Structures are given as structure tokens and as C-alpha cells.
Amino acid sequence: MFPYKDENPTERPAVITVALIIANVLAFILVQGAGAEGQLARSVCDFGLIPGEILRTAKPGTGVQLAKGLMCLVDPEPKYWTVLSSMFMHGGWFHLIGNMLFLWVFGNNIEDAMGHVKFLIFYLICGTAAAAAQTFINPTSVVPMVGASGAISGVLGAYLLLYPRVRVHTLIILPIYITTVALPAWVMLGYWILLQVLSGLVSLNELEKGNGVAFFAHVGGFVAGLLLVKLFASEDVLRRRPTPPASYYR
């Protein structure tokens with residue numbers, strides 16, 4: 001299921017949302033070589049978050065092979081700044097485009113409800129919470145974690161709480177045909193987070209292999225978005241919305 005637009009107009013331009021999309025695209029092109037294997041692998045190693053390195057639970061010098069002839073090794077000193085840099089790195093074009101599509105569809109409305117500066121802070125906190133969740137689940141991992149999906153998951157959690165009944169137009173790709181459908185946000189996002197939780201539980205048996213999607217980062221970011229949205233969203237802005245989220249108000 002790929003959302004491509006929603007029926008949720010905004011009152012002010014999505015300056016930060018657009019800036020984040022541009023920053024992610026530029027990072028992928030300029031830092032990650034637009035997906036070229038060697039440069040992509042080096043960037044993931046240099047700027048990705050390695051749980052075992054951050055927590056010092058992995059032996060320095062141990063690592064994982066990211067590309068032919070390229071091993072990513074744990075450094076003796078933790079690179080704490082990778083908590084931030086990892087949010088702007090991606091594993092390929094499909095990873096990047098999928099994340100940016102979700103950010104564009106849902107991010108503009110959350111930025112509209114919070115304001116530019118608050119939205120940026122909210123986004124970064126959710127990304128940090130996502131990284132913390134995955135690190136807690138697999139604290140000895142030596143595999144670099146990259147992607148904006150943890151922070152974007154926080155945006156999805158905020159959207160679900162504020163606008164559960166807004167219709168989201170979604171592209172559905174099935175083995176035998178492709179179709180589009182407009183679904184309430186609670187259906188689309190509820191399906192998405194359920195899929196993350198179930199996939200995360202299944203992936204628990206694969207943690208030691210050090211591969212796959214960081215599903216618990218998605219869950220952690222989503223929960224952070226649900227918990228933090230009321231601290232960041234402006235009640236004044238929400239009351240002026242054409243369809244104010246009634247469940248938001250106490």
C-alpha cells in the first residue's frame with residue numbers, strides 16, 4: 001500500500017517537510033553516490049548508527065561485510081553523532097523514494113499543526129526514539145542502521161491521532177492487478193503499524209543474522225509520535241482546521 005495524497009488541506013507552506021525531503025535526496029546523491037555500490041556501502045558504514053558501537057557492547061574491530069571487499073568495523077570510540085546522520089542515509093533508491101513519499105503525504109499536515117520549528121524538533125526526537133527502540137531490541141548488533149523511516153513513523157503516529165478519519169488515497173499493488181482506493185487514515189495507518197509490529201516479532205529470530213528491516217525502529221518512532229504530538233501541536237491551529245480532530249481536545 002503506497003499513499004500518494006490525502007484530503008487534508010493545509011494553511012501554511014510545508015517549508016520544513018520540503019527541506020527534509022531535499023536534504024535526504026541531496027545526501028543520497030552527493031554523499032551516497034546515488035546508490036553506487038562502493039560509495040553507498042561506505043556511507044552506510046560511516047554515517048549509519050551501529051548499536052553495538054554506541055553502547056560499547058560489540059568488540060572493536062568486529063563488523064559485517066556491506067559490499068564485496070568492504071567490511072564495516074566497529075570503532076573503539078562510539079560515534080554518537082550517527083544518531084542524527086543515520087536519519088539522512090538510505091539503503092537504495094526504493095528505500096529513499098518510499099520514505100520521502102510518506103513524508104510528503106503526511107508531513108505537511110503535521111507541520112501545519114505544529115509550526116515549522118516545532119515540527120523539526122518533533123521529527124528529530126521521533127527519529128532518536130526510533131533509533132533507541134531498535135538499539136534496545138538488538139544492543140549488540142554491528143550492522144549500521146540507516147533511514148528516515150523511524151522519524152517518519154513518528155509523523156504517522158501524530159497523523160493517526162490528529163486526523164484518523166481523513167481519507168488517504170492509496171495505490172495498492174497485488175500480484176494480479178494494481179488499483180487505487182481512498183481509505184480513512186486510521187485504516188491505512190492502522191494496517192501499517194500492525195504490519196510493523198507483526199513483522200518485528202517475526203524478525204526477532206533473525207536478529208543475530210544482522211540483516212533486514214529495523215521494524216522496531218518504526219514501532220518506536222510511531223509510539224513516540226503518538227505520545228509527543230499533544231506537546232507540539234497548536235490547539236489554535238487545529239481549531240481552525242476545516243475538520244478539527246475532536247479526539248484531540250481534553
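Since the model is a prediction, treat every value here as computed from it, not as a measurement.

**Section: the overall build of the protein chain**
Part 1 of the reasoning: The secondary structure content of the protein chain amounts to ten helices and five strands.
Part 2 of the reasoning: What you see for the protein chain is a C-alpha radius of gyration of 18 Å, in line with the 18 Å of a compact globule of 250 residues.
Part 3 of the reasoning: C-alpha extents for the protein chain along the principal axes are approximately 55 × 45 × 35 Å.
Part 4 of the reasoning: Across the 250 residues in the protein chain, those meeting the buried criterion constitute 50%.

**Structural notes on the packing of helix H1 (residues 15–31) against helix H2 (residues 37–47)**
Part 1 of the reasoning: As a packed pair, H1 and H2 sit with axes 9 Å apart at the nearest point and diverge in direction by 120°. By the angle between their directions, the pair H1 and H2 is classed as oblique. Along its contact with H1, which presents Phe28, Leu30 and Val31, the element H2 presents Gln39, Leu40, Ser43 and Phe47.
Part 2 of the reasoning: Its residues assigned to classes, the contact of H1 with H2 comprises five nonpolar, two polar and no charged.

**Overview of the nonpolar core**
Part 1 of the reasoning: Within the largest apolar cluster, 49 residues are counted, with the highest numbers of intra-cluster contacts made by Phe106, Ile110 and Phe122.
Part 2 of the reasoning: Counting residues per element, the ones that place at least two in this core are H1, H2, helix H5 (93–114), helix H6 (116–137), helix H7 (149–162), helix H8 (185–203) and helix H9 (215–232).
Part 3 of the reasoning: For this core, the element with the highest residue contribution is H5, accounting for nine residues.
Part 4 of the reasoning: With sequence-adjacent residues up to four places away left out, Ile110 is seen in contact with Phe119, Phe122, Val155, Ala158, Tyr159, Leu162 and Tyr163.

**Some words on the sheet that holds strand S4 (residues 167–173)**
Part 1 of the reasoning: Reading across from one edge, S1-S4-S5 is the order of the three strands in this open sheet, with antiparallel pairing throughout. With partners counted over all chains shown, the strands left at the sheet margins are strand S1 (2–6) and strand S5 (178–184), one partner each. Each strand of the sheet is rotated relative to its neighbour by a mean of 25°, with strand direction disregarded.
Part 2 of the reasoning: Relative to S4, S1 runs antiparallel, the two being bridged by four bridges. Following the sheet pairing, Phe2 is matched in S4 by Leu171.
Part 3 of the reasoning: Along the sheet, H8 makes contact with S1, S4 and S5, crossing S5 at roughly 110°.

**Looking at the packing of H5 against H7**
If you want to describe how two helices pack, look at the angle between their axes and the distance between the axes.
Part 1 of the reasoning: Between H5 and H7, whose axes approach to 9 Å, the crossing angle comes to 40°. In terms of axis orientation, H5 runs oblique to H7. Judged by the sense of rotation from one axis to the other, the crossing of H5 with H7 is left-handed. For the pair formed by H5 and H7, the contact residues are His95, Asn99, Met100, Phe102, Leu103, Phe106, Gly107, Asn109, Ile110 and Ala113 on the first element and Ser149, Ile152, Val155, Leu156, Ala158, Tyr159 and Leu162 on the second.
Part 2 of the reasoning: Residues that form the contact of H5 with H7 fall into these classes: twelve nonpolar, five polar and no charged.

**Some points on the packing of aromatic side chains**
Part 1 of the reasoning: Enumeration over the complete set of coordinates arrives at nine aromatic pairs.
Part 2 of the reasoning: Each ring, one from Phe2 and one from Phe94, has its centre 6.4 Å from the other, and the planes form 80°; the classification is edge-to-face. Note that Phe2 is positioned in strand S1 and Phe94 in helix H5, a separation of 92 residues in sequence.
Part 3 of the reasoning: What makes Phe94 exposed here is its relative accessible area of 66%.
Part 4 of the reasoning: When the centroid spacing of 6.3 Å and the interplanar angle of 50° are considered together, the rings of Phe119 and Tyr123 count as tilted. Pair noted here: Phe119 and Tyr123 are both in helix H6, with a separation of four residues, about one helical turn.

Definitions and cut-offs
One numbering rule holds for all chains: residues counted from 1, following each sequence as written. Given that the model is predicted, a residue must reach a pLDDT of at least 70 before its local features are reported, and side-chain atom pairs must reach 80 or more before they are shown or counted; all residues, however, enter totals for whole chains, interfaces and linings. The basis for the side-chain values is all heavy atoms of the structure; hydrogens and waters are excluded. Each helix is a run of DSSP H or I of at least 4 residues and each strand a run of E of at least 2, with the numbering of both proceeding from the N terminus. As defined in this context, the radius of gyration uses C-alpha atoms, and a globule is described by 2.2 Å times the residue total to the power 0.38. Think of it in three bands: residues with accessible area under 20% of the maximum for their type are buried, residues over 50% are exposed, and the middle band is partly exposed, with areas taken using a 1.4 Å probe on protein chains only. Whenever a helix is involved, its axis is fitted only over the stretch in contact; in every case the axis is a line through C-alpha atoms, and angles between N-to-C directions fall within 0 to 180 degrees. Any angle that is under 35 degrees is reported as roughly parallel, and any over 145 degrees as roughly antiparallel; angles of 65 to 115 degrees are reported as roughly perpendicular and all others as oblique. Should any heavy atoms of two residues lie within 4.5 Å, those residues are counted as being in contact. Each residue gets one of three labels, nonpolar for Ala, Val, Leu, Ile, Met, Phe, Trp, Tyr, Cys and Pro, charged for Asp, Glu, Lys and Arg, and polar for the others, Gly among them. Buried residues of nine kinds, namely Ala, Val, Leu, Ile, Met, Phe, Trp, Tyr and Cys, make up a nonpolar core once their side-chain atoms join them within 4.5 Å. The pairing criterion is simple: DSSP has to find at least two bridges between the two strands. In this scheme, a crossing is called left-handed if the near helix is turned counterclockwise away from the far one by less than a right angle; it is called right-handed if the turn is clockwise. By convention, a stacked pair of Phe, Tyr or Trp rings (six-membered ring in the case of Trp) has centres within 6.5 Å and planes under 30 degrees apart, an edge-to-face pair has planes over 60 apart, and any other such pair is tilted.

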